[in-house]
Amino acid sequence: MKVCDYIEEGMRQLMYTNTYKPLETDPTEDLNKEIKNMVAEYSSLNLIDETTAEILVHPKPRPGRFYMLRKIHKMNNPGRPIISGNDTATERLSLFVNLHLHPIVQELPSFVKDTSHFLQIIEKLNQTNTFDDDTLLATFDVTSLYTNIPHDDGLMALSEALNKRTVKKPSTNVLTTLQELSLNPTISPSMENTIYRYKGHPWALGWLLPMQIPSWANWSTTYLRVLTTNHWYGYDTLMTYL
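Residues numbered from 1 in each chain as written. Predicted model: local features only at pLDDT ≥ 70, side-chain atom pairs only at ≥ 80, totals over all residues. Heavy atoms only, no water.

By the naming in an unreviewed UniProt entry, the chain goes by Reverse transcriptase domain-containing protein and is assigned to Pleurodeles waltl.

Spelled out as structure tokens, the structure:
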């Protein structure tokens, strides 16, 4: 693919003004200062320890990077937009949340580690005669799951999952606040949402979830678990997320 075509496709997507917004300046440093102040407050209140507080603040953050993976199986090969959060001001916050969320996700009845694990689950169910003769095996797909989770709903699902911990330290409120900041670093009137660069220019992302923040997979799983539990009532279902 020609470089000019790649750039053209990127600019075409960035013209979706309901999702993307160009910025006059890069607010990364201001965002990092806000994070530093928030983390220092948590530390002073003994909500997190001093070592954790120091680790959570990135010494030299930079904006995320917008890039695309071309969908070669679709007409005109449109780009799949991805925003890398590596070395951003909020990356360490997301890593910290993921550290505490991952064990919870592994305990979900719907957790599937990989294909081998899925086959083991099916084999076990077959051996125990779990399925009736009229049982249907079906699949469904959520379109662009990671980028289409409403943040408020996702944070509610996260809070529900974290509240099931036996030891709630750090508190659910601390972790959900840090996750919210990872998704929506709008912590002062001058801030926009997720900050990133494309062709050297700063942009802001709207309500969509930026791909490649460390906690997105586990966070999305908790959301989907709550969504299917609340909406598939009245049916006897075995739900797994691959």
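Further notes follow.
Participant: Mind laying out the overall build of the chain, listing which residues take part and the relevant values?
Facilitator: Along the chain, the regular secondary structure elements total 8 helices and 5 strands. Carbon and sulfur atoms provide 53% of the accessible area of the chain, an area that totals close to 14,800 Å². (Helix = DSSP H or I, 4+ residues; strand = E, 2+ residues; numbered from the N terminus. Areas by Shrake-Rupley, 256 points an atom, 1.4 Å probe, with all protein chains shown as cover.)

Participant: Let's hear about unusual backbone geometry: which residues, and what values?
Facilitator: Among all residues except glycine, the phi angle is most often negative; among peptide bonds, the trans geometry is most common. Lysine 169 connects to proline 170 through a cis peptide bond whose omega is 0 degrees. Relative to the elements of secondary structure, proline 170 occurs in the loop between helix H6 (151-162) and helix H7 (172-183). Positive phi, close to 60 degrees, is recorded for asparagine 46, a residue that is not glycine. Since its relative accessible area comes to 62%, asparagine 46 is described here as exposed. (Buried < 20%, exposed > 50% of the residue type's maximum accessible area, 1.4 Å probe, protein only.)

Participant: So what about H6? Which residues, and what values?
Facilitator: Its 12 residues give H6 an end-to-end C-alpha distance of 16 Å, which sits within 8% of 16 Å, the value for a rise of 1.5 Å per residue. All buried positions along H6 are accounted for by His151, Gly154, Leu155, Ala157, Leu158, Ala161 and Leu162. Down the axis of H6, the sector holding all buried residues measures 160 degrees, keeping them to one side. Exposed residues on H6 whose side chains face more than 90 degrees from its buried face are Asp152 and Met156. (Expected span 1.5 Å × (residues − 1). Arc of directions from axis to C-beta.)

Participant: Report on the packing of H6 against H7, specifying residues and quantitative values.
Facilitator: Between H6 and H7, the least distance of the axes is 10 Å, while the angle of their chain directions is 150 degrees. Our classification of the angle between H6 and H7 gives roughly antiparallel. In this structure, H6 meets H7 at a crossing whose hand is right-handed. Between H6 and H7, the contacting residues are His151, Leu155, Leu158, Ser159 and Leu162 on the first element and Thr172, Leu175, Thr176, Gln179, Glu180 and Leu183 on the second. Of the residues belonging to the contact of H6 with H7, the class tally is 5 nonpolar, 5 polar and 1 charged. (Axes fitted to C-alpha atoms, helices over the stretch in contact; angles between N-to-C directions. Parallel < 35°, antiparallel > 145°, perpendicular 65-115°, else oblique. Left-handed = near helix turned anticlockwise from the far one by under 90°. Contact = heavy atoms within 4.5 Å. Nonpolar A, V, L, I, M, F, W, Y, C, P; charged D, E, K, R; others polar.)

Participant: I'd like a description of the side chain of serine 43, backed by residues and values.
Facilitator: Along the chain, serine 43 turns up in helix H2 (residues 28-44). Looking at serine 43, the relative accessible area reads 15%, which means it is buried. With near-sequence residues (within four places) excluded, serine 43 lies in contact with Ile48, Asp49, Glu50 and Ala53.

Participant: Residue-level account of H7, with values.
Facilitator: Between the first and last C-alpha of H7 there are 16 Å, a value that for 12 residues agrees with the 16 Å anticipated at 1.5 Å per step. Across the 12 residues of H7, 9 count as buried, placing the element largely inside the fold. Burial in H7 covers these residues: Thr172, Val174, Leu175, Thr176, Leu178, Gln179, Leu181, Ser182 and Leu183.

Participant: Explain the nonpolar core residue by residue, including any values.
Facilitator: Counting residues in hydrophobic clusters, the biggest one holds 31 residues, and the most contacted among them are Ile35, Val39, Ile48, Leu56, Leu178 and Trp219. For this core, the secondary structure elements donating two or more residues are H2, helix H3 (50-56), helix H4 (91-106), H6, H7 and helix H8 (216-231). No other element matches the 6 residues that H4 contributes to this core. Setting aside chain neighbours within four positions, we find valine 39 in contact with Ile48, Ala53, Leu56 and Val57. In this structure, Leu14, Phe66, Met68 and Ile83 belong to the second largest nonpolar core, which totals 5 residues. (Core = buried A, V, L, I, M, F, W, Y, C linked by side-chain atoms within 4.5 Å.)

Participant: Give a description of the pattern of salt bridges that names residues and reports values.
Facilitator: Evaluated as defined, the whole model comprises 2 salt bridges. Put simply, arginine 12 and glutamate 9 hold a salt bridge, and the shortest N to O gap is 2.7 Å. With arginine 12 and glutamate 9 both in helix H1 (residues 3-14) and 3 residues apart, this pair spans about one turn of that helix. Arginine 12 sits in the partly exposed class, given a relative accessible area of 38%. Judged by relative accessible area, which is 9%, glutamate 9 ranks as buried. (Salt bridge = Lys/Arg side-chain N within 4 Å of Asp/Glu carboxyl O.)

Participant: Run through the packing of H4 against H7, naming residues and quoting values.
Facilitator: Relative to each other, H4 and H7 sit at 135 degrees, their axes nearing to 9 Å. Relative to H7, H4 is oriented oblique. Read as a crossing pair, H4 and H7 show a hand that is left-handed. Within the contact between the two elements, H4 uses Leu93, Ser94, Phe96, Val97 and His100 and H7 uses Leu175, Leu178, Gln179, Leu181 and Ser182. Here the contact of H4 with H7 is built from residues that sort into 6 nonpolar, 4 polar and no charged.

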